[in-house]
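# Overview (structure and organization)
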Amino acid sequence: MDALKQDLRFGIRALLSRPAFTVVALLTLLVGIGANTAMFTVVNAVLLRPLSFPESDQIVVFAGTNPAKGITQSNMSLPDFADWKHQSQSFEQLAGFVAGGSILAHGDESERVRGTGVTVDFFPLFRTSPLKGRLLQPDDAEPGRESVVLLSHALWQRRFGADPNIVGTKVMLTTKPTTIVGVMPQGFDYPAQTEVWVPYVFDAANERRDNRFISVIGRLKNGVSIQQAQIEINTINQRLAQSYSDTNAGWSAQLTDLRESLVGGLRIALLVLLGAVAFVLLIACANVANLQLARATYRQKEMAVRSALGASRFRMIRQLLTESALLSALGGVLGLALSVWLTQLLISWSPPNSPRFDEIGIDIQVFLFTFAVTILTGLVFGLVPALQTSRPDVNDVLRGSGRQGSSGGKHNRVGGILMISEIALSVILLAGAGLLIQSFARLREVNPGFKANNVLTMRLSIPPGKIPPGPGRAQFYREVTERVKTLSGVQSASAVLSLPLGGDTFNVGRSFIREGRPATPEESANATYLVVTPDYWQTLQIPLKSGRIFTENDTDQTTKVVIINETMARQHWGGENPIGRRITIWRDEDFPREVVGVVGDTKSSLDTDPGAQMYVPYAQDPGWGSLTLAVRTAGEPTALVGSVREQIRSIDKLVPTYSVKTMNDVVQNSAAPRRTPMLLLTVFAGVALLLAMLGIYGVTAYYVRQRTQEIGIRIALGAQRADVLKLVLKRGMFLSLIGVIVGVAGAFALTRYLTTLLFGVPPVDPLTFAGVSLLLVLVALLACYVPARRALKVDPLVALRYE
């Protein structure tokens, strides 16, 4: 213990005696450890930490599939759900839920809240107790019972001020008197961002099997694997397809672990970024190791004296590793502090509503990770210099001629290897960043099918029972759009069921059958279904390709009409003109609609091809109570938010407006899942490039220092400036080129893991790799040139006396 204390005291003095070295090394470690800790904090919370529900690994999510129709993610029907409950033996509970919105009124204020209707097994499945009150009971869902509701912890705090006596409070929910019976604990918000839960009335006998609107989750029995449950569900679905061929043929359900269903889409991006910051840390370690090797030049006599006085090699290695551990420990503490800020920065850069990001925080796993990284870092950058420095040539050094001996040569070789490693890792990171930058640039060039500038959007919801489905709702939205059009600065206004690019987070799909074809499942085709008011295409500036757009004359009393997009026209009519043809929206309508127009495609996602889309006048299907208002303005759209809301309140003050955003926001949010990895990997690659440049400079400067006497002799013997410059640059650029070659080979092997993050760019892009290689060569040339210029200024007389 005394020896350890002595080593620590000496190590502190040694670090304080070289403040420049200590500061540079600490800053390098600060960046490397801090970035790794921040990235691990995110990965730990999102991918590694179990969900907050007991035995959450037994909870699975159902997704409807129909490969023949290209459907991989669909809701389920109530009759199918009922059959799974009755016939399956793999589940302790199966529960269904329907997510949507509700109007909550309490006192003089009303607002739209995110609500979910749940079946009786929903809360028992999660095995989560309420913070206050009780859970929903089976008899709460019986017809005629008083309406009850459970609040989320966030809503309880925000809207009711965390009132401890909230249970039993009466509120109006969707215009019905409702009693609050409980509050859920903090963190429980499944499905995501739910604020209220209400009992769902289960009536499978009166629902169609092809009305797929309910989401399903299940808890596996102990000892039952998800693969066994999948086989059983497949078997049940095969029986259903035989018994109900008109609705269930080709349909099945894919089971996925709940955590995977929530965060599976982020897995590759997060692991890639975690790997990237690990590379940054390795580069930082290589840099500090090179600094240690350069510092060893000044300590050769010290080590030789220690050795001559009887110090063992182990004793010297222990002392040197103690100094490295001190550096690493300080870097770890500072890095942990920096990671708190970096973690918040990562969260702020993440796509909106990223799953589990609200759970991100430093916990014991993060502390253990930082501790392990700190220890490992100290060993990585300290061990090799310690082994090299602890073997001085005592006679050579004490005679004063140890400047260019074997020790210096070994140091140069080790420094060269570290330099090659830094450049290789930097090439890999820069290649990945270059691919993502190209990918994002191509994504931004994609035409979404509309013009996003100067368009304001907000969602409106008619409270249930306020205006019954029918002409009254059509009149309400007609009056809203007409009044908004009268505002100064408004060019056009319209309403639509759901915005392009997932702007409303949902799409309605319906099947249709062309005129003259039999009404069978084989003849049906799917398309996105949109109800719109006139001027929708003018507001979003979606081009009309042929025919006409809707007018105020397209009412429920006139010919039923439909407008289709180019993709639907091409897929189902080929080179023929679809204008005047008829389709029947199968199972939802029992009458044909005439195609009166073809409009341009709009995308549901920037990185996917547009599918078939059909538009129906809202006046001919006015059952939808919630639409999105779209307003094209002459100037900044957000400046009109208050005026637009005032016009809506003047018509009906009880109709809430929410989800206010511009279409530019919608475009940005659509690109966010690719923008965030691109930004982060670019930052990491930039840091790696800077560290590599410093490493190249350090190795080259050390090389110049080791050969100062030789350079002085060469100059004294008549060597020209170009010869000296060539001597220094040749070695540095040779090592750099080796590093680039190794890095390109590594990039060829690793960038294939970026495939799912790329758009329009192959994972092995020769132009990107060539550009990155050229950049590294230029950076290396600059980093080598600065110490090379210093070599040109060597005074032969001073160099011959140099020690």
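Above this text is the structure in question.
Since we're looking at a predicted model, the values are computed, not measured.

## Some points on the overall build of the protein
In terms of regular secondary structure, the protein is built from 22 helices and 22 strands. By residue count, 52% of the 803 residues in the protein fall in the buried class. Counting only contacts in the protein whose residues sit at least 6 apart along the sequence, the fraction spanning at least 24 positions is 82%. Surface exposure of the protein reaches about 35,600 Å², of which carbon and sulfur atoms provide 58%.

## Some thoughts on the side chain of Ser494
Assignment of secondary structure puts Ser494 in strand β13 (residues 490-496). A residue is classified by how much of its surface remains accessible, and Ser494, at 0% relative accessible area, is buried.

## Points about the pattern of salt bridges
In this structure the tally under the stated criterion is 34 salt bridges. Of the charged contacts in the structure, one is a salt bridge between Arg158 and Glu111, with a shortest N-O distance of 3.1 Å. Taken together, the residues Arg158 in helix α5 (residues 153-160) and Glu111 in strand β4 (residues 109-118) connect sequence positions 47 residues apart. Arg267 serves as the salt-bridge partner of Glu260, at 2.6 Å between the closest nitrogen and oxygen.

## Concerning unusual backbone geometry
The step from Tyr190 to Pro191 runs through a cis peptide bond, and the omega angle for that step is -10°. Within the secondary structure, Pro191 is located in the loop between β8 (176-183) and β9 (196-199). We note that Arg127 has phi near 50°; this positive angle belongs to a residue other than glycine. With respect to the helices and strands, Arg127 occurs in the loop between α4 (122-126) and β5 (132-133). The class of Arg127 is partly exposed, set by a relative accessible area of 33%.

## What about the packing of aromatic side chains?
Taken as a whole and judged by the stated rule, the model has 23 aromatic pairs. Here the aromatic rings of Trp537 and Phe550 are separated by 5.3 Å at their centres, their planes lie at 70°, and the arrangement is edge-to-face. Residue Trp537 is located in helix α15 (residues 536-540), and its partner Phe550 is located in the loop between β16 (544-547) and β17 (561-565); the two are separated by 13 residues in the primary sequence. Residue classification places Trp537 among the buried positions, given a relative accessible area of 3%. With a centroid separation of 5.3 Å and an interplanar angle of 70°, the aromatic rings of Trp537 and Tyr615 are classed as edge-to-face. Separated by 78 residues along the polypeptide, Trp537 in helix α15 and Tyr615 in strand β20 (residues 613-617) bring together distant segments of the chain. For Tyr615, a relative accessible area of 0% puts it in the buried group. Members of the aromatic cluster, each reached through a chain of ring pairs, are Phe53, Phe97, Phe122, Phe123, Phe126, Phe188, Tyr190 and Trp197.

## Remarks on the packing of helix α14 (residues 471-485) against helix α17 (residues 641-651)
In contact at an axis separation of 9 Å, α14 and α17 are set at 140° when each is read in the N-to-C sense. By the angle class used here, α14 and α17 are oblique. Along this stretch, α14 crosses α17, giving a crossing that reads as right-handed. Here Phe476, Glu479, Val480, Arg483 and Val484 of α14 come into contact with α17, specifically with Val644, Gln647, Ile648, Ser650 and Ile651. Grouping the constituent residues of the contact of α14 with α17 by class yields six nonpolar, two polar and two charged.

## Details of the pairing of β9
In the sheet, β4 pairs with β9 via four bridges, with the strands oriented parallel. Residue Gly117 lies in a different strand from β9, and its bridge partner there is Val198. With two bridges connecting them, strand β6 (residues 147-151) and β9 associate as antiparallel partners. Considered in β9, the bridge of Leu151 is made with Val196.

## A look at α17
Among all positions in α17, only Val641, Val644 and Ile648 are buried. Down the axis, α17 shows its buried residues gathered within 75° of arc, on one side only. Those residues of α17 that are buried are in contact with β12 (455-461), α14, β21 (626-633) and β22 (657-662).

## Details of the environment of Gln620
Topologically, Gln620 is positioned in the loop between β20 and β21. Residue classification places Gln620 among the buried residues on the basis of a relative accessible area of 5%. Excluding anything up to four places from it in sequence, Gln620 contacts Asp554, Thr555, Asp556, Thr558, Thr559, Lys560, Val561 and Arg593. Separated by 3.1 Å, the side chain of Gln620 and the backbone oxygen of Thr555 make a polar contact. Engagement of the side chain of Gln620 in a polar contact is seen with the backbone oxygen of Thr559, the distance being 3.0 Å.

## Considering a nonpolar patch on the surface
A grouping of Val340, Ile362, Ile364, Phe367 and Leu368 is seen on the molecular surface, where their side chains present a nonpolar patch of about 460 Å² in accessible area. In terms of residue count, the dominant contributor to the nonpolar patch is helix α11 (residues 364-389) (three residues). Relative to the assigned elements, Ile362 resides in the loop between α10 (313-349) and α11. Since its relative accessible area comes to 34%, Ile362 is described here as partly exposed.

## Some details on the environment of Ile226
On the secondary structure map, Ile226 appears in helix α6 (residues 226-243). Apart from the residues lying within four places of it in its own chain, the contact partners of Ile226 are Val60, Leu220, Leu255, Thr256 and Asp257.

## Some details on the pairing of strand β2 (residues 71-74)
As paired elements, strand β1 (residues 59-66) and β2 share two bridges and run antiparallel to each other. Residue pairing for β2: Asn66 is matched across the bridge by Ile71. Between β1 and β2, which follow one another and run antiparallel, lie four residues, and Gly70 among them has a positive phi close to 75°.

## Remarks on the nonpolar core
Membership of the largest hydrophobic core comes to 116 residues, with the highest contact counts inside it found for Met39, Trp537 and Tyr615. In terms of residue count, helix α8 (residues 258-296) provides more of this core than any other element does, 18 residues in total. In this view, Met39 contacts Leu270, Leu273, Leu274, Val277, Leu346 and Phe684; residues no more than four positions away in its chain are not counted. Within the second largest apolar cluster, 43 residues are counted, among which are Phe476, Tyr477, Val484 and Val490.

## Let's talk about empty space enclosed by the protein
One pass over the structure, following the stated rule, counts seven cavities of 30 Å³ or more. Put simply, the largest cavity is a space of about 150 Å³. Along the walls of the largest cavity sit 16 residues, with Arg478, Thr533, Pro534, Glu552 and Ala619 positioned nearest its centre. Looking at side-chain class alone, the lining of the largest cavity contains nine nonpolar, three polar and four charged residues.

Calculation notes
Residues numbered from 1 in each chain as written. Predicted model: local features only at pLDDT ≥ 70, side-chain atom pairs only at ≥ 80, totals over all residues. Heavy atoms only, no water. Helix = DSSP H or I, 4+ residues; strand = E, 2+ residues; numbered from the N terminus. Buried < 20%, exposed > 50% of the residue type's maximum accessible area, 1.4 Å probe, protein only. Contact = heavy atoms within 4.5 Å. Areas by Shrake-Rupley, 256 points an atom, 1.4 Å probe, with all protein chains shown as cover. Salt bridge = Lys/Arg side-chain N within 4 Å of Asp/Glu carboxyl O. Phe/Tyr/Trp six-rings, centres within 6.5 Å; stacked < 30°, edge-to-face > 60°. Axes fitted to C-alpha atoms, helices over the stretch in contact; angles between N-to-C directions. Parallel < 35°, antiparallel > 145°, perpendicular 65-115°, else oblique. Left-handed = near helix turned anticlockwise from the far one by under 90°. Nonpolar A, V, L, I, M, F, W, Y, C, P; charged D, E, K, R; others polar. Pairing = 2+ DSSP bridges. Arc of directions from axis to C-beta. Polar contact = N/O pair within 3.5 Å; in protein donor to acceptor, adjacent residues only side chain to side chain. Patch = residues over 30% accessible without salt bridge, like charges linked within 9 Å, V, L, I, M, F, W, Y side chains within 5 Å. Core = buried A, V, L, I, M, F, W, Y, C linked by side-chain atoms within 4.5 Å. 1 Å grid on protein atoms, 1.4 Å probe; cavity = no way out; pocket = protein on both sides within 12 Å on 5 of 7 lines; lining within 4 Å. Points joined across faces, edges and corners; volume = space filled by probe spheres on them.

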